[in-house]
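The residues making up each chain are set out below.
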Amino acid sequence: NAGVTQTPKFQVLKTGQSMTLQCAQDMNHNSMYWYRQDPGMGLRLIYYSASEGTTDKGEVPNGYNVSRLNKREFSLRLESAAPSQTSVYFCASKGWGYGYTFGSGTRLTVV
Amino acid sequence: DAKTTQPPSMDCAEGRAANLPCNHSTISGNEYVYWYRQIHSQGPQYIIHGLKNNETNEMASLIITEDRKSSTLILPHATLRDTAVYYCIPTRDSNYQLIWGAGTKLIIKP
């Protein structure tokens, strides 16, 4: 089915470890996004990519890096994980004139 | 972007129409009204959007007042699976940074 695919679905990291969250969409959307959602809170934008080759900071970019590998893929990297980065991470994509399509999320715990 | 006001929670009986209001009195002329929902622990799901005219799709209907200062999302025959947090977000297509407010927690009761 068409949509946004995120991997992994669950991850436990130790403080200081690094990891990359992967996201791919097959809807030919230009813009892609990474959000985080803490328990009981709303979504906060980490980074976005308006089009292939461009990336921009969102509301909470500190501690993260992103790569827009091609039109389909947008990855999020944690270089040195901290307990404050324990959260659920959602990737999304959007086409012009359409709503966002979200992935199913990555549940990350940093211990 | 326009600020929004939504009731924090609402109940609705299963099988009845659920009407979710949203006030967006500062909406600008080129901002659409988008509605999303988030079922517990899942990614948000797009429902519907509109500019001026009322809209309907397989999931819901959207009623926008003539002055565009408020809108109502209607789920015509609510089911238990419609229990979720519903977000009303006025935005332009050129805006990449949406502000997700607290939304309305809709509970469908049997």
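Further up the page is the structure itself.
Residues numbered from 1 in each chain as written. Chains lettered and ligands numbered in written order. Predicted model: local features only at pLDDT ≥ 70, side-chain atom pairs only at ≥ 80, totals over all residues. Heavy atoms only, no water.

(A) Focus on the overall build of chain A. Within chain A, the regular secondary structure consists of zero helices and eleven strands. Secondary structure elements of chain A, listed N to C terminal, follow the sequence β-β-β-β-β-β-β-β-β-β-β. Taken against the 2.2 N^0.38 rule, which gives 13 Å for 111 residues, the C-alpha radius of gyration of chain A at 13 Å falls within 12% of a compact globule. By principal-axis analysis of the C-alpha atoms, chain A measures approximately 40 × 25 × 25 Å. Per-residue burial for chain A yields a buried fraction of 49% across its 111 residues. Partitioning the contacts of chain A with sequence separation of at least 6, the portion at a separation of at least 24 is 53%. Counting every atom, chain A has about 5,200 Å² of accessible surface; 49% of that belongs to carbon and sulfur. Each charge class in chain A can be summarised by its mean position, and for the 11 positive and 7 negative side chains these summaries are 4 Å apart. (Helix = DSSP H or I, 4+ residues; strand = E, 2+ residues; numbered from the N terminus. Rg over C-alpha atoms; globule rule 2.2 N^0.38 Å. Buried < 20%, exposed > 50% of the residue type's maximum accessible area, 1.4 Å probe, protein only. Contact = heavy atoms within 4.5 Å. Areas by Shrake-Rupley, 256 points an atom, 1.4 Å probe, with all protein chains shown as cover. Lys, Arg positive; Asp, Glu negative; His and termini not counted. Charge placed at Lys NZ, Arg CZ, Asp CG, Glu CD.)

(B) Spotlight on the interface of chain A and chain B. Chain A puts 21 residues into the contact, and the matching count from chain B is 17 residues. Both faces considered, chain A and chain B share a buried interface measuring about 1,600 Å² in area, 55% of it formed by carbon and sulfur atoms. A per-residue breakdown of the area chain A buries against chain B is headed by Leu43(A), Trp96(A) and Tyr100(A), which together make up 30% of the total. Here chain A and chain B share one salt bridge between them. Counting residues per element, the ones that place at least two in the side of chain A that touches chain B are strand 4 (31-37), strand 5 (43-49), strand 9 (87-94) and strand 10 (100-102) of chain A. Residue contributions to the side of chain A that touches chain B peak at four residues, all from strand 4 of chain A. In terms of residue class, the side of chain A that touches chain B is made up of eleven nonpolar, six polar and four charged. (Buried area = accessible area lost by both parts, 1.4 Å probe. Salt bridge = Lys/Arg side-chain N within 4 Å of Asp/Glu carboxyl O. Nonpolar A, V, L, I, M, F, W, Y, C, P; charged D, E, K, R; others polar.)

(C) Looking closely at the sheet that holds strand 7 (residues 70-75) of chain B. All names here are of chain B. With antiparallel pairing, four strands are arranged side by side in an open sheet as 2-7-6-5. One side of each edge strand has no neighbouring strand; the edge strands of this open sheet are strand 2 (18-23) and strand 5 (55-56). Two elements, strand 6 (residues 61-64) and strand 7, share four bridges in a ladder whose sense is antiparallel. Across the sheet, the residue bridging to Leu62 is Leu73, located in strand 7. (Pairing = 2+ DSSP bridges.)

(D) Quick look at the sheet that holds strand 1 (residues 4-7) of chain A. All names here are of chain A. Pairing is antiparallel across the open sheet formed by four strands, whose spatial order is 1-3-8-7. Single-partner strands in this sheet number two, and they are strand 1 and strand 7 (64-68). Mean inter-strand twist for the sheet, computed between neighbouring axes without regard to direction, equals 15 degrees. Inspection of the sheet shows strand 7 paired to strand 8 (residues 74-78) by five bridges, in the antiparallel sense. The partner of Val66 across the bridge, within strand 8, is Leu76. (Axes fitted to C-alpha atoms, helices over the stretch in contact; angles between N-to-C directions.)

(E) A look at the nonpolar core. In this structure, Trp35(B), Leu73(B), Tyr86(B) and Leu106(B) are the most contacted members of the largest nonpolar core, which totals 21 residues. Put simply, the parts of the chain that give this core at least two residues each are strand 2, strand 3 (32-38), strand 4 (45-50), strand 6, strand 7, strand 8 (84-91) and strand 9 (104-109) of chain B. Formed by 20 residues, the second largest nonpolar core is a distinct cluster that contains Leu21(A), Ile46(A), Val66(A) and Phe74(A). (Core = buried A, V, L, I, M, F, W, Y, C linked by side-chain atoms within 4.5 Å.)

(F) Spatial organisation of unusual backbone geometry. Here Thr7(A) and Pro8(A) are connected by a cis peptide whose omega angle stands at -5 degrees. Residue placement: Pro8(A) occurs in the loop between strand 1 and strand 2 (10-13). A positive phi angle, near 65 degrees, is found at Arg68(B), a position not held by glycine.

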